[in-house]
Amino acid sequence: MKDLRKRVAYLRGLMDGLQVNTASNEGRVLGEVVSILEDMSDGMMDLYSSQDELEKYVESVDEDLSELEDQVNDEDFADDDDYIEVECPQCHDTVYFDPEILDDDDTVVEVTCPNCGAVVFSTAGDDSGGAGEGQEALVSSKTTESGIES
Ligand SMILES: [Zn+2]
């Protein structure tokens, strides 16, 4: 790009050095052509530098983004073990929820499928045998810890 500017500058110098008669028809045409070339190379130089800036900016945004992606992925993996996985009976989508929401004994907790809205897990069914069993299976790590199994 700098080379182009140098060559146009050389052309301008050549015109002056060869003492091209700028009053003649040919001289006027040549002068106009060199002037256009100067404007064009200047414009291209501006484009080049702003594109360079843009490239650097996109690069830094890309770096920030991948950093952010890494953070999000790390969090996903870290939390994976803590989540309870349930298959939705309606649409068979897999629903994940945080077992911590079950810690509140006083309120009934219902987990609904984000896909179809069906209730996939509820703490309301403590009295009915079926729901109770399902619940025990899901929170089995807790029941084994408290010694019910042994
Ligand atoms: Zn569903």
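Residues numbered from 1 in each chain as written. Predicted model: local features only at pLDDT ≥ 70, side-chain atom pairs only at ≥ 80, totals over all residues.

1. Remarks on unusual backbone geometry
The backbone of Gln-19 shows a phi angle near 50°, a positive value even though the residue is not glycine. Mapped onto the elements, Gln-19 comes out in the loop between helix H1 (2–17) and helix H2 (25–80). What makes Gln-19 exposed here is the crowd of 8 C-beta atoms within 10 Å. With a phi angle near 60°, His-92 is a residue other than glycine that sits in the positive phi range. With respect to the secondary-structure elements, His-92 resides in the loop between strand S1 (84–87) and strand S2 (94–97). Classification of His-92 by C-beta neighbours within 10 Å gives exposed; the count is 10. (Helix = DSSP H or I, 4+ residues; strand = E, 2+ residues; numbered from the N terminus. Buried ≥ 20, exposed ≤ 12 C-beta atoms within 10 Å, placed from the backbone.)

2. Looking at the confidence of the model for the protein
When the pLDDT values of the protein are averaged, the result is 81; 77% of them are 70 or greater. Counting interchain partners and residues more than four positions distant, the pLDDT-below-50 stretch residues 128–137 has five contacts. Predicted confidence for residues 140–144 stays below pLDDT 50, and this span has four contacts to residues more than four positions away or in other chains. (pLDDT = per-residue confidence, 0-100. Contact = placed C-beta atoms within 7 Å.)

3. Some words on the environment of Glu-85
Examined against the element boundaries, Glu-85 turns out to sit in strand S1. Of the residues examined, Glu-85 has 10 C-beta atoms within 10 Å and is grouped as exposed. Along the chain, Glu-85 and Val-95 lie ten residues apart, while their C-alpha atoms are 5.8 Å from each other. Aside from chain neighbours lying at most four places away, what touches Glu-85 is Thr-94 and Tyr-96.

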